[in-house]
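Residue-level structural notes
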Amino acid sequence: MAGTMETPMKKRMTKITWTTLGLALAFLFPITTHAQAETAPDEVKADNMARIEALSAKTEFEGKFSLPTKVQCHMHKLAPGDYTVVVKTLEDGMKLVMFRREGSEVVVESRPIPPTPVRDEGHSAVLLRHGPGPGNYTLEAVYVEGLKLVLMLDESGHTQVLDKIFAGMKRVPIS
């Protein structure tokens, strides 16, 4: 009789052991799940994103230039080569600057300022600043002669102390 009582007890202990082992494995090695990767882009706004309103934008300027070296502009890396620059004005007065090369386009919001007579007047040009750091260049602004405006794009090229002291400005002519 004692032999028949141990069998259900052994079965119960075996079930408890396997259940505990299964739970331990599930806890130690969970299945990786991924959250939904798609977000609604209209709800996301970042500082370096420009508004694109193609129908209400008026083209103010278009020209061509050639970058001699790799530059950065608002977290975009622009490779050396030939570019087309387009300046558009939205209905609210905001000026967008677009850089086009080989089918790709970078759009940046600008901060227009009037030129200083000593530094900025002359033919239209892209203004490159040495920095941040050694060997790097920032596309800081575009000077448009016809509009008599400097369109500031990226001022990160002279944020470090050494860049403020040693960084020089280079004009790349726009034709």
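Before any of the text, the structure's been laid out above.
What comes next concerns the included structure. Just so it is clear, the model here is predicted, and its values are computed rather than measured. (Residues numbered from 1 in each chain as written. Predicted model: local features only at pLDDT ≥ 70, side-chain atom pairs only at ≥ 80, totals over all residues. Heavy atoms only, no water.)

1. Thoughts on the pattern of salt bridges
Throughout the structure, instances matching the rule amount to four salt bridges. The partner of Glu102 in a salt bridge is Arg101, and the shortest N-O contact between them spans 3.7 Å. Between Arg129 and Glu140 there is a salt bridge whose closest N-O contact spans 2.6 Å. Here Arg129 is found in strand E8 (residues 125–130), whereas its partner Glu140 is found in strand E9 (residues 137–144), with eleven residues between them in sequence. (Salt bridge = Lys/Arg side-chain N within 4 Å of Asp/Glu carboxyl O. Helix = DSSP H or I, 4+ residues; strand = E, 2+ residues; numbered from the N terminus.)

2. Topic: the side chain of Thr84
In this structure, Thr84 sits in strand E4 (residues 81–89). Within polar-contact distance, the side chain of Thr84 engages the side chain of Lys64 at 3.2 Å. Not counting chain neighbours up to four residues away, the residues in contact with Thr84 comprise Glu62, Gly63, Lys64, Met98, Phe99 and Arg100. (Polar contact = N/O pair within 3.5 Å; in protein donor to acceptor, adjacent residues only side chain to side chain. Contact = heavy atoms within 4.5 Å.)

3. Some details on the packing of aromatic side chains
With the rule as written, the count across this model stands at two aromatic pairs. When the ring of Phe65 is compared with that of Phe99, the centres are 6.1 Å apart and the planes differ by 85°; the resulting orientation is edge-to-face. Note that Phe65 is positioned in strand E1 (residues 58–67) and Phe99 in strand E5 (residues 95–101), a separation of 34 residues in sequence. Each member of the pair, Phe65 as well as Phe99, carries the same accessibility label: buried. Every member of this aromatic cluster is reached through a ring pair, and the members are Phe65, Tyr83 and Phe99. (Phe/Tyr/Trp six-rings, centres within 6.5 Å; stacked < 30°, edge-to-face > 60°. Buried < 20%, exposed > 50% of the residue type's maximum accessible area, 1.4 Å probe, protein only.)

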